[in-house]
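The residues making up each chain are set out below.
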Amino acid sequence: MVLSQRAVGLVLWAGSTFSFGCGAVHSDGPTLGAAGARAEAGSAGSANQGGDGVGGSPTAGHGGSAPQAGEGGAAGHAPALGGSGGRSATTGAGGIDANVPVDTRPPRPTWEPPFSVGAPGWRDSSTLICEKHVGDQEAFDVWADSRGVFGLFATTCNVLAGTSCGKQGVSLQFNDGKGWQLLYALPPTAGMGSSGGMRLSGFESGAVLLSGFLPDRIGIWSITPGGTLGLDAAIEVGRPTTAGSNLAYAFDLEKLYRFTDDTWSEYLPLPAPTQDVWADQDRVWLVGGNQAVFEKATADAAFTAVPGVPAGEYTAVWSFGVKDTWFGNSAGQLLHYDGSTWKVFETGSKDVSGSGIRQLWGSSDGQLFFRTSIEMGRFDGNQVELLLALPDSGEPSVPRVTTGGLWGLSSTEVFLAVSDRQFNKYACGGQFMLFFDGKTLHAF
Amino acid sequence: MLSFLSMLAACGGRASLNDDAGRSTPAPSGGTSAGARGGSTSVAGSSAAAAASADVGGSAGVADAGGGRSADTSGGGNSGSLGGSSSGVGGAAGMPNDTPLWRSSTEPFCPPPGSVLNRNPIWSDARGVSVVTSSSSTDSRIDSNDGSGWKRLTEDSKSGPSNPSLTGFPYGPLVEYGNSACAISFVEGTVNRCSGAGSRATAVSIVDAQVAYAVYDDRVLSFNGSFWVQWGGVLSGKDDPTYTWGVWASKDTVVVVADAGKIFLQQGMKLQQQAAVPAGDYRAVWGFGATDIWAGNQLGELVHFDGKNWSVAATLPGECAGIRSLWGRDDTLFFTTDHAFGLWRAGVAQILGDFSCAGSSSVMGVWGNSKKEVFFATQVTELIDDACSGVELFWFDGTAVKAL
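Residues numbered from 1 in each chain as written. Chains lettered and ligands numbered in written order. Predicted model: local features only at pLDDT ≥ 70, side-chain atom pairs only at ≥ 80, totals over all residues.

Considerations on the overall build of chain B
Within chain B, the regular secondary structure consists of one helix and 31 strands. Sequence separation of at least 24 residues holds for 47% of the intrachain contacts in chain B that already meet a minimum separation of 6. (Helix = DSSP H or I, 4+ residues; strand = E, 2+ residues; numbered from the N terminus. Contact = placed C-beta atoms within 7 Å.)

Below, the structure is given as structure tokens:
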């Protein structure tokens, strides 16, 4: 069943259709190759030639070559995004800034988190991320590719619970190493209610994907840098898992969906209730509760239950190779499967939320990074260590700091979205993006 | 109003778990022994009435713990009831008492206010006896007594089960299990290590250091010496859910009991649902061997399997006679119901102590080292915020019940 098909008008880059609001935000001339998701090779050359001006993105939109990008325009540092096609919704001609509330909170003091951090900064970006929407946080997620780092925020309001309405909303920010800029913002009036637990992912040098409630329905959305939003599939799923530049998977309670040929469609029924999916071009792993670990070893193979799975509620999966797959469970353990043998690793997590390992990300050199709701750690090939851990004592039952997302570019460029609720009352809020350089965490 | 369990005193009589009595004051009830007359569902209320009230003609009887007349078989039938023959009431919780309660231990167990006993909270081996309590959805603690007194074994476990139960490997780690992100933890010394990362464990049966089984919902887990894996498929059928409550295992036998009259027995490498099982929601199981397995259900029935058939061996009387836990050794099966504890031997069930059904007192579990060293855990839930949380432990020395 085909759920929707993304428009394939790949030469929309230069069209003004996708330039709404760009100028207001990207004063240094962002040009984001807008629509046209995942340009095929043939259109590579034009991948970055869109919007108002020509993008100076260091990387081409998918398929584009860097040397061809950035010609003729002011140097910009916005990403070249493949986006959704002509079905996009726009944020209006008022520009993205119009969707961001005025932040009247008092200035934010120097952030001193209850864990060790180094000097602020990532690459040439030293100013901390600033989120102006105010409300109950529903999401703070991070995703990155060679273009830079993306941060997704979602807040909602609940008057009955004491959170006033009017400044809540959704926004997507981007940092290419030179500073944060706003790519998209959903105004408060449209952001009422739950965002459905928004999640962020994307295709390398291609479209950025958001799953959740935007503006009026739940689905998988792709977003262009100019503030243009397109609904790719009206399905309620978690974070889509992308594999390369043209393949992605997502799941709901019953079905696994696949994105291929610019189209999301129902792919297979889930063999068991699922918590996470990992995939590459050939293989798919699914994990869930009740020892549910399933592998689809080839494109033509069916899902098979992996034998001898240690009991547990499996929450996360990441595979480095056929005989090198890692799992996280709700007890905060990491587990490794080499194709025949299981090994359990204690992480030392003190997270009592019951959610355990929330996310895994692996670097190309084989280091595995993980996060719980309050911690971040890694397996460096020899041992598991916590890189961010809250103090044992003095922490209230509701942790001061929680994590929201984890992604990376390499083992020395790993990003973690954290929220410090003690800073919600200050301007720019309590969301902080952290960068791990292989040794130390830094805010930026 | 304090809770108090009166013990079998010198004059005998069953332990009367009297909600209205004071904790520190022995209030022995005497002279309530009855010999079984072979009725399958009777409990004699007193020695005088025993013979008259006991059913006749059945295969087994149920008897109260006898008073001073131990091994009273006057009622006929095929066995006699145990009589309490010794005094054994310990001192009040928290009060110095030079008289040993158990081995050299003089102080009764007294957890802090707010402590909760959950199902099957007590376990023992030759090293001593241990109890797990919880004080919140994630805080649990284990106290142990090696015969010299109660000592707190573990700090509050912030990630412990919300409804912790306890068992253990003889001479090995304790096993704490319940509802948690880590359903089964091994406790060695003061270190609590996650062993089984499922979210729930309803019951655990330890065979040896390398073999154990656990159940939750409609699944069975086996321990292979390193970690727990699912053993067999789900026990539910289509539109026929199964909720397991108990497991007992030996090297060659695994038995799982569940709601709705379901009992599963290992046949080969699989569990097979047993046919012709007496109806009832089963909560506990214990085996002396493959042809001598006992299951207890909410109807108060002790159901026996002789290797071929399952049949009701006895029915405990009363509205709150649902059987909660079983433990056995040699020729004696000990049981707890919601409000009483007792034993079954040679065809006779014998109540060693009971609370009023109408009260908030509960008997939570039983374990032992021998049939002369059996431990019971009780709690008066309305006293949970008082000193000792209304928790009282007892032990049975083969003749009398005493404070622990």
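Following the structure, the description resumes.
Thoughts on the sheet that holds strand 9 (residues 174-177) of chain B
All names here are of chain B. Strand order across the open sheet formed by four strands is 8-9-10-11, with antiparallel pairing between neighbours. Every other strand in the sheet has two partners, leaving strand 8 (165-168) and strand 11 (191-196) as the edge strands with one partner each. Geometrically, the sheet is characterised by an average inter-axis angle of 30° between neighbouring strands, direction not taken into account. Note: strand 10 (residues 184-188) against strand 11, five bridges, orientation antiparallel. Counterpart to Val 187 in the pairing with strand 11 is Asn 192. (Pairing = 2+ DSSP bridges. Axes fitted to C-alpha atoms, helices over the stretch in contact; angles between N-to-C directions.)

Description of the interface of chain B and chain A
Taken together, the contacts link 16 residues of chain B with 17 residues of chain A. Breaking the side of chain B that touches chain A down by element, the ones donating at least two residues are strand 11, strand 14 (219-223) and strand 15 (228-230) of chain B. Take the side of chain B that touches chain A: its biggest share by element is three residues, from strand 15 of chain B.

Quick notes on the nonpolar core
B:Ala214, B:Val247, B:Val255, B:Val257, B:Val285 and B:Phe375 are the most contacted members of the largest nonpolar core, which has 101 residues in total. Of the residues that make up this core, three or more belong to each of domain 1 (4-121 + 201-371 + 382-403) and domain 2 (122-200) of chain B. B:Val257 has contacts with B:Trp245, B:Gly246, B:Ile263, B:Tyr282, B:Ala284, B:Val285 and B:Ala295, leaving out every residue within four places of it along the chain. Of all hydrophobic cores here, the second largest spans 96 residues; its members include A:Phe150, A:Phe213, A:Tyr249 and A:Val418. (Core = buried A, V, L, I, M, F, W, Y, C linked by C-beta atoms within 7 Å. Buried ≥ 20, exposed ≤ 12 C-beta atoms within 10 Å, placed from the backbone. Domains from an automatic or database assignment.)

Here we look at the sheet that holds strand 4 (residues 148-156) of chain A
By way of backbone hydrogen bonds, the strands of a sheet pair with one another, either parallel or antiparallel. Residue and element names in this part refer to chain A. Ordered in space as 3-4-5-6, the four strands form an open sheet in which the pairing is antiparallel. Of all strands in the sheet, those with a lone pairing partner are strand 3 (136-145) and strand 6 (180-186), marking the two edges. Here the strands of the sheet are splayed against their neighbours by 15° on average, with no regard to which way each runs.

Overview of the pairing of strand 14 of chain B
Residue and element names in this part refer to chain B. For strand 14, the buried fraction is high: four of the five residues fall into the buried class. Bridging between strand 13 (residues 211-216) and strand 14 involves five bridges; their strand directions are antiparallel. Along strand 14, the bridge assignment pairs Ala 212 with Phe 223. Hairpin connection from strand 13 to strand 14: two residues lie between these consecutive antiparallel strands, with Asp 217 at a positive phi of about 45°. The pairing of strand 14 with strand 15 spans three bridges and is classified as antiparallel. Looking across to strand 15, one finds that Ser 222 is bridged to Val 229. If you look at the hairpin formed by strand 14 and strand 15, you'll find four residues sitting between the two strands, and Gly 225 has a positive phi there, around 100°.

Some points on the domain arrangement of chain B
Residue and element names in this part refer to chain B. Partitioning chain B into structural domains gives domain 1 (4-121 + 201-371 + 382-403) and domain 2 (122-200). Taken together, the 32 residues of domain 1 in the interface contact 33 residues of domain 2. If you list the elements that add at least two residues to the side of domain 1 that touches domain 2, you get strand 12 (203-208), strand 13 and strand 28 (361-370). In terms of residue count, strand 28 provides more of the side of domain 1 that touches domain 2 than any other element does, four residues in total. Among the residues making up the side of domain 1 that touches domain 2, the classes are represented as 17 nonpolar, 11 polar and four charged. (Nonpolar A, V, L, I, M, F, W, Y, C, P; charged D, E, K, R; others polar.)

Observations regarding the pairing of strand 7 (residues 199-202) of chain A
Residues and elements named next belong to chain A. Of the two faces of strand 7, the one holding Arg 199 and Ser 201 and the one holding Leu 200 and Gly 202 are both buried throughout. Sheet analysis places strand 7 next to strand 8 (residues 208-214), joined by four bridges and oriented antiparallel. Residue Leu 200 lies in a different strand from strand 8, and its bridge partner there is Leu 210. Counting the residues that bridge the hairpin from strand 7 to strand 8 gives five residues, and of these Ser 205 lies at a positive phi of roughly 60°.

With respect to the confidence of the model for chain B
Residues and elements named next belong to chain B. Mean pLDDT over chain B: 80, with 74% of residues reaching 70 or higher. Scored below 50 in pLDDT, residues 1-15 shows 87 contacts in the model against residues more than four places distant or in partner chains. Contacts for the low-pLDDT stretch residues 64-96, under 50 throughout, to residues beyond four places or in other chains number 143 contacts. Across the whole predicted complex the pTM is 0.81, and at the interface the ipTM reaches 0.79. (pLDDT = per-residue confidence, 0-100.)

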